[in-house]
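Residues per chain are reported as follows:
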Amino acid sequence: MSPTRRDKLKRFAVLSTLLLWLAASLFLSLVSTEPASALQHGDEDEELKSYLAGLDNKEENWTRRLCFEIVKGHLPKGSKAAMTSGYRSPQDQLNVMVDLAHRYNQRHPESLITIPAVSLDNPSSWKPLLTELRAKQVMVNAPLKGHGLPVSAHTNPVAAVFDIAGDNLEVIKKACIEAGEKGELKLNQCLIELENGAVHVDVEYIPLLGLNIAFNRIGRIGNAAANSINSSPTQVAEVTDAQNAITNSYQYYANQAKSHEEKIGIYEKLISVLEKSSAYTNREVIEKYKTEIELLKKESERRQLLGKADALVKERRFTEAEEVLGKKSDDDEVRCRLAEVKYEMARNTDPSNNCDVILTKLQEAQALIEKDSKAGELKRRIENFKRDTENTCARVRGRNWLRVILVSLLAVGLIVSAFFLFRTGAWVLHCEDGDQHGESFSLDQPEIIIGSLGEPDGEAQIVINDRKRKISRNHCLVKQSGRRFYLKDLKSANGTLVNGRRLEADEYHELKKGDEISLAGAVTLIVRR
């Protein structure tokens, strides 16, 4: 091969390489051009660039963005899919198409889109524009009537209606359905619209599982964006919109919570997401939810306390219920319930012996709800019962005083009767015959000697005159032991007889009322009381 021919081949190879490089660069610039509302399924850097480019779109619907992130997780790797602009009226959607074409031309003057005169009533006027926009990877809905349900038709603040366009609509639809089946999205409908060239997705709400998945992606992108846009109020507003979508989603679930504990868990998760979402987190919002958590915890504690007290009241364990509620009597609802417990305690107390206790409980109950404007019915019940109790107690006190008087009289009567019935009385010996007939001698000393000779010559305390001299000087002895009296013969010459029986030597005979004592047959003494 000649040198001239070899030089020509080298120049041709260099020129071919240069042309291929220019073609590749042009192709990549066209492929990387994305609409303001789309996040492509691919490299994280490209997602971030797309996110930053789209921050100037103030109408961005972050709830739709969250839904799209969930669907993307179910697309096969390498699939091309993008979220189109949200639902609008047909005429508004047509205006959006024209606006997107102008914006594209401003950014890419080297590859202009032809913008014809369009009319909603003439599809042939706007279909070429739609085709060219999508060829440039600008995903946008067709301006069709009857296109799904508008967002305004939903009362749910976390509902989303959007379309997803891509190279395989069946794959996109399958990804949407799979997200719904796995509980990541609650779908109203998911259908392919061939005329629109997209999959129409109508989401009722995003379950918590789906939110967690979406935030793993959106949160990282949002943080990166926030850290790189420190001076743009518009960009700050976009991050705030993202946080509002997050807040609305969690608030929806908090409203559906069946218990305070469940709602507290949702709010704690929301605070965690907001604090990590970006540098522009609204601290007032976070503080608001922290305050709400504290209120919910207090309410939960109050409900547990009231529940425990109610269980004790059902078991009529009023004192224990009173102690439980008394630990938190600074709370209005607890204080009102404590007043009810005291009222029930008073109602279940017998007034016959506990009037003061009942009235004290009622006064305590009245003091607890004195300033409670909502406790009017309870105040009325307590006041009525207190009035009835005071009347009842007045009657009870009257009966009690009468009972005291009757018991006192009975006691006096019993004492008097016992006195006359059980009194010791004076024991005497009554002389029935002889010179001292009719005389009585008191047995008022522990030992009394009966005989014919008294002091100073003799020892007898009871002296019996005896002309016949049959009675000895110290004839017999009467000895007292407690309330009993015993008679003993003192070895008299003619003996001592009781009821006709002669006493033996050293014998003590217990005297009874009516016994006849004969002294040597000369004098007869009768025992009397």
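As shown above, the structure is provided for reference.
Bear in mind that the values here come from a model prediction, so they are computed numbers and not experimental data.

Colleague: Is there a simple way to think about the sheet that holds strand β11 (residues 496-498) in this case?
Modeller: In any sheet, the strands associate via hydrogen bonds between backbone groups, in a parallel or an antiparallel arrangement. Strand order in this open sheet of 6 strands is β6-β5-β15-β14-β11-β12, and the pairing throughout is antiparallel. Strand pairing shows two members of the sheet lacking a second neighbour, β6 (440-442) and β12 (501-502), which therefore form its edges. The sheet contact formed by β11 and β12 spans 2 bridges and is antiparallel. Of the residues in β12, the one forming a bridge with V498 is R501.

Colleague: In this structure, what is going on with the side chain of D163? I would like to understand it.
Modeller: Looking at the element boundaries, D163 is found in strand β2 (residues 160-166). A polar atom in the side chain of D163 sits 2.9 Å from the side chain of H200.

Colleague: Is there a simple way to explain the packing of aromatic side chains in this structure?
Modeller: Each aromatic ring pair is characterised by the separation of its centres together with the angle its planes make. Scanning the entire structure with this criterion turns up 3 aromatic pairs. Consider the rings of Y267 and Y289, whose centres lie 5.0 Å apart with planes at 50 degrees: the pair is tilted. Highlighted residues: Y267 in helix α9 (residues 260-277) and Y289 in helix α10 (residues 283-314), separated in sequence by 22 residues. Note on accessibility: Y267 and Y289 belong to one class, buried. R347 extends its terminal NZ or CZ atom over the ring of F385, reaching a point 5.9 Å from the ring centre.

Colleague: Honestly, the pairing of strand β9 (residues 476-481) in this entry has me stumped. Any pointers?
Modeller: Along any regular strand the residues' side chains alternate between the sheet's two faces. Of the strand pairs in this sheet, strand β7 (residues 447-451) and β9 are connected by 4 bridges, and their pairing is antiparallel. When the bridges of β9 are listed, I450 appears paired with C476. With 6 bridges connecting them, β9 and strand β10 (residues 484-489) associate as antiparallel partners. Across the sheet, residue C476 finds its bridge partner in β10, namely D489. The turn linking β9 back onto β10 is made up of 2 residues, and G482 within it adopts a positive phi angle of 70 degrees.

Colleague: How should I be thinking about the nonpolar core in this particular structure?
Modeller: Generally speaking, nonpolar side chains in soluble globular proteins are found buried as a group. One finds I164, I172, L185 and I206 to be the most contacted residues of the largest nonpolar core, which totals 40 residues. The set of elements that each furnish at least two residues to this core consists of α3 (62-72), β2, α6 (169-181), β4 (198-205), α7 (208-227), α8 (233-256), α9 and α10. The element best represented in this core is α9, accounting for 7 residues. Among residues more than four places away in sequence, those in contact with I172 are L75, A81, I164, A165, G166 and V199.

Colleague: What is the right way to look at the state of the cysteines in this model?
Modeller: If you walk through the whole model with that rule in mind, you get 1 disulfide. Here C355 pairs with C393 through a disulfide, and the sulfurs are 2.3 Å apart. Since a negative S-S torsion denotes a left-handed disulfide, the C355-C393 link at about -110 degrees is left-handed. One end of the pair, C355, is in helix α13 (residues 355-368); the other, C393, is in helix α14 (residues 376-422), with 38 residues separating them in the sequence. What makes C355 buried here is its relative accessible area of 8%. Looking at C176, it has no disulfide partner, and the nearest cysteine sulfur is the one in C190, 3.9 Å off. According to the relative accessible area criterion, C176 is buried, its value standing at 0%. Assessed through its relative accessible area of 15%, C190 is described here as buried.

Colleague: Any chance you could explain the sheet that holds β9 here in plain terms?
Modeller: In spatial order, the strands read β8-β7-β9-β10-β13; together these 5 strands make up an open sheet with mixed pairing. Of all strands in the sheet, those with a lone pairing partner are β8 (462-463) and β13 (508-510), marking the two edges.

Colleague: Explain the packing of helix α12 (residues 332-347) against α13 to me, please; I cannot follow it from the model alone.
Modeller: A pair of packed helices is captured by two measures, namely the crossing angle of their axes and the spacing between those axes. Packing of α12 against α13 leaves a shortest axis separation of 8 Å and a crossing angle of 165 degrees. By the angle class used here, α12 and α13 are roughly antiparallel. In the packing of α12 onto α13, the handedness of the crossing is left-handed. Two secondary-structure elements touch here, α12 through R335, L338, A339, K342, Y343, M345 and A346 and α13 through I358, K361, L362, E364, A365 and L368. When the residues that make up the contact of α12 with α13 are grouped by side-chain class, the tally is 9 nonpolar, no polar and 4 charged.

Colleague: In this structure, what is going on with the pattern of salt bridges? I would like to understand it.
Modeller: Pairs may arise between side chains of opposite charge once their charged atoms sit close together. Throughout the structure, instances matching the rule amount to 24 salt bridges. Taking the shortest distance from any N to any O, the salt bridge between E364 and K361 comes out at 3.9 Å. Of the two residues, E364 and K361 are both situated in helix α13; the distance of 3 residues between them amounts to about one turn of the helix. Owing to a relative accessible area of 31%, E364 belongs among the partly exposed residues under this scheme.

Colleague: Would you explain the packing of helix α11 (residues 318-326) against α12 in this entry?
Modeller: Packing of α11 against α12 brings their axes to within 10 Å, and their N-to-C directions diverge by 160 degrees. When the axes of α11 and α12 are compared, the pair comes out roughly antiparallel. The chirality of how α11 crosses α12 is left-handed. Contacts from F318, T319, A321, E322, L325 and G326 of α11 reach α12 at V334, R337, L338, V341, K342, E344 and M345.

Colleague: How should I be thinking about α6 in this particular structure?
Modeller: The periodicity of an α-helix, 3.6 residues per turn, causes residues three or four places apart in sequence to face the same way. With 13 residues, α6 extends 18 Å between its outermost C-alpha atoms, agreeing within 8% with the 18 Å of an ideal straight helix rising 1.5 Å per residue. When α6 is considered as a whole, its buried residues turn out to be L169, I172, A175, C176 and A179. Seen from one end, α6 has its buried residues packed into an arc of 120 degrees, which puts them on one side. When the buried face of α6 is taken as reference, the exposed residues oriented beyond 90 degrees from it are E170, K174 and E181. Directly beyond the C-terminal end of α6, a positive phi value near 75 degrees is found at G183.

How each quantity is defined
- Residues numbered from 1 in each chain as written.
- Predicted model: local features only at pLDDT ≥ 70, side-chain atom pairs only at ≥ 80, totals over all residues.
- Heavy atoms only, no water.
- Pairing = 2+ DSSP bridges.
- Helix = DSSP H or I, 4+ residues; strand = E, 2+ residues; numbered from the N terminus.
- Polar contact = N/O pair within 3.5 Å; in protein donor to acceptor, adjacent residues only side chain to side chain.
- Phe/Tyr/Trp six-rings, centres within 6.5 Å; stacked < 30°, edge-to-face > 60°.
- Buried < 20%, exposed > 50% of the residue type's maximum accessible area, 1.4 Å probe, protein only.
- Lys NZ or Arg CZ within 6 Å of the ring centre and 35° of its normal.
- Core = buried A, V, L, I, M, F, W, Y, C linked by side-chain atoms within 4.5 Å.
- Contact = heavy atoms within 4.5 Å.
- Disulfide = S-S within 2.5 Å.
- Axes fitted to C-alpha atoms, helices over the stretch in contact; angles between N-to-C directions.
- Parallel < 35°, antiparallel > 145°, perpendicular 65-115°, else oblique.
- Left-handed = near helix turned anticlockwise from the far one by under 90°.
- Nonpolar A, V, L, I, M, F, W, Y, C, P; charged D, E, K, R; others polar.
- Salt bridge = Lys/Arg side-chain N within 4 Å of Asp/Glu carboxyl O.
- Expected span 1.5 Å × (residues − 1).
- Arc of directions from axis to C-beta.

In short, the description is geometric, and any link to function would need to be established separately.
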